[in-house]
Amino acid sequence: MTERVVLAYSGGLDTSVCIGWIAEKGAEVIAVAVDVGQGGEDLDVIRKRALACGAVEAEVADAKDEFADEYCLPAIKANALYMDRYPLVSALSRPAIVKHLVAAAAKHGATTVAHGCTGKGNDQVRFEAGISSLAPDLKCIAPVRDYAMTRDKAIAFCEEKKLPIATTKKSPYSIDQNVFGRAVETGFLEDIWNAPIEDVYEYTRNPATPREADEVVITFEEGVPVALDGKPVTVLQAVQQLNERAGAQGIGRIDLVEDRLVGIKSREVYEAPGAIALITAHQELENVTVERELARYKRQVEQRWGELVYDGLWFSPLKRALDGFINEANQQVSGDIRMTLHGGRAVVTGRRSEQSLYDFNLATYDTGDTFDQSLSKGFIELFGMSSKIAARRQSRA
């Protein structure tokens, strides 16, 4: 029986050439393209190109809502920012794609899954660790990495086989994007002294350009964004609409030298206007509705959750366990956050919630204050007692 290989297919040069390379080794290729809101070509055009390049089957999946609900939403609930800045744009899409690859392998009787990653990045780990977690018996190959498939070799192969794919103009950047954001690297950005120029950006406008501010009210129910300015939205619609509104104000630009899983530091430029606006609003609503000790502990969980997702361990036992904690911590995170979007910043200007733990009568310094200040002296004595005793011991040394 001829071996079957499921290929994560983007429609670009490298993965189109992968179809032919794998077929030359005697395997049948099933190309799988997953739409996670990256835009670009129509899915049916991509499917037909895969078949024209030699795939025996080609599947396309519109997974935008699935990606928003099952991957972006948990990141919003977790306030997930790798290294406190990066909202896991690419890292979130890989497990979504992996699920479709594994399902296609089961459907078509494939023994191997292929992807187009290099040996230097994080995505190779995200794909292969995810696949092995869902289907331990599947093999993984990466032609660009495993067979040293350089761009020159890919173009030569494409021209030799007369594959229906453009091989002329090459972007100076390596770009990955989805509805949650956009990642740009390589080219002149590899010199970390070089500032990004405006043509790097697509999801955001220049924040220095004078324009009117935009005010938005985001409504959450148990951590889920459910309305913008009182109009109901799905999670996908919330991200899309805030991509437009926050992006128009230049919000969500991130220039970061980050720690890759493979051990190197890499300069990345990100755009994530909707993600940054939603996470900023969600963080502030948690400040109003989440009890202090739970909030403190959740911040530790958020960092570990983000590291696990960045490192490709979406399907790991620890990640699943932390999901349970995060969902429980979001049970009371309901209410409205008013934000001003302007000049590259999403600034919270108002908060309201029926689940609020803010008590005006306890917080006020004016008439009507219900806080019993006479209790504070004894509280401080007890709170500082252990340090006081230790200080006395130190003074005797």
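Remember, predicted model here, so these are calculated numbers, not experimental data.

A. Local environment of the nonpolar core. Ranked by size, the top nonpolar core spans 78 residues in total, and within it L88 and W305 carry the most contacts. Excluding its chain neighbours within four sequence positions, the residues that come into contact with L88 are A80, Y82, W305, G306, V309 and Y310. Membership of the second largest hydrophobic core comes to 28 residues, among which are L13, I22, A31 and A58.

B. How the structure looks around the packing of aromatic side chains. Counting across every chain of the model gives 9 aromatic pairs. Judged by centre distance (4.0 Å) and plane angle (15°), the rings of Y86 and Y270 are stacked. With Y86 in the loop between helix 3 (64-77) and helix 4 (89-108) and Y270 in strand 12 (residues 265-271), this residue pair connects regions lying 184 residues apart in the sequence. Across the pair, exposure class does not vary: Y86 and Y270 are buried alike. Aromatic side chains W305 and W314 sit 5.8 Å apart centroid to centroid with 70° between the ring planes, which places their arrangement in the edge-to-face category. Residues W305 and W314 agree in their burial class; the two are buried. Taken together through their ring pairs, the aromatic side chains of F67, Y71, W305 and W314 make up a single cluster. The side chain of R126 reaches across the aromatic face of Y310, ending 4.9 Å from its centre. A cation sits over an aromatic face here: K319 above W314, 3.6 Å from the ring centre.

C. Just the pairing of strand 11 (residues 253-259), in detail. Side chains I254, L256 and E258 of strand 11 all project onto a buried face; the interleaved residues R253, D255, V257 and D259 project onto a face where none is buried. The pairing of strand 11 with strand 12 spans 7 bridges and is antiparallel. The partner of L256 across the bridge, within strand 12, is E268. Connecting strand 11 to the antiparallel partner strand 12 that follows it, the hairpin turn spans 5 residues, and G263 within it adopts a positive phi of roughly 105°.

D. Seen up close, the environment of G250. When you line up the elements, G250 lands in the loop between helix 8 (235-247) and strand 11. Counting along the chain gives 33 residues from G250 to Q283, while the straight-line C-alpha distance between them is 20 Å. Leave out the neighbours within four places in its chain, and G250 touches T204, R205, P207 and G344.

E. Fine view of unusual backbone geometry. Phi angles above zero are rare outside glycine, and N79 is one such case at about 50°. Checked against the element boundaries, N79 lands in the loop between helix 3 and helix 4. On the basis of relative accessible area, N79 is assigned to the buried category, the value being 5%. Although it is not a glycine, L88 adopts a positive phi angle of roughly 60°. Assignment of secondary structure puts L88 in the loop between helix 3 and helix 4. When its relative accessible area of 0% is taken as the criterion, L88 is described as buried.

Conventions adopted
Residues numbered from 1 in each chain as written. Predicted model: local features only at pLDDT ≥ 70, side-chain atom pairs only at ≥ 80, totals over all residues. Heavy atoms only, no water. Core = buried A, V, L, I, M, F, W, Y, C linked by side-chain atoms within 4.5 Å. Buried < 20%, exposed > 50% of the residue type's maximum accessible area, 1.4 Å probe, protein only. Contact = heavy atoms within 4.5 Å. Phe/Tyr/Trp six-rings, centres within 6.5 Å; stacked < 30°, edge-to-face > 60°. Helix = DSSP H or I, 4+ residues; strand = E, 2+ residues; numbered from the N terminus. Lys NZ or Arg CZ within 6 Å of the ring centre and 35° of its normal. Pairing = 2+ DSSP bridges.

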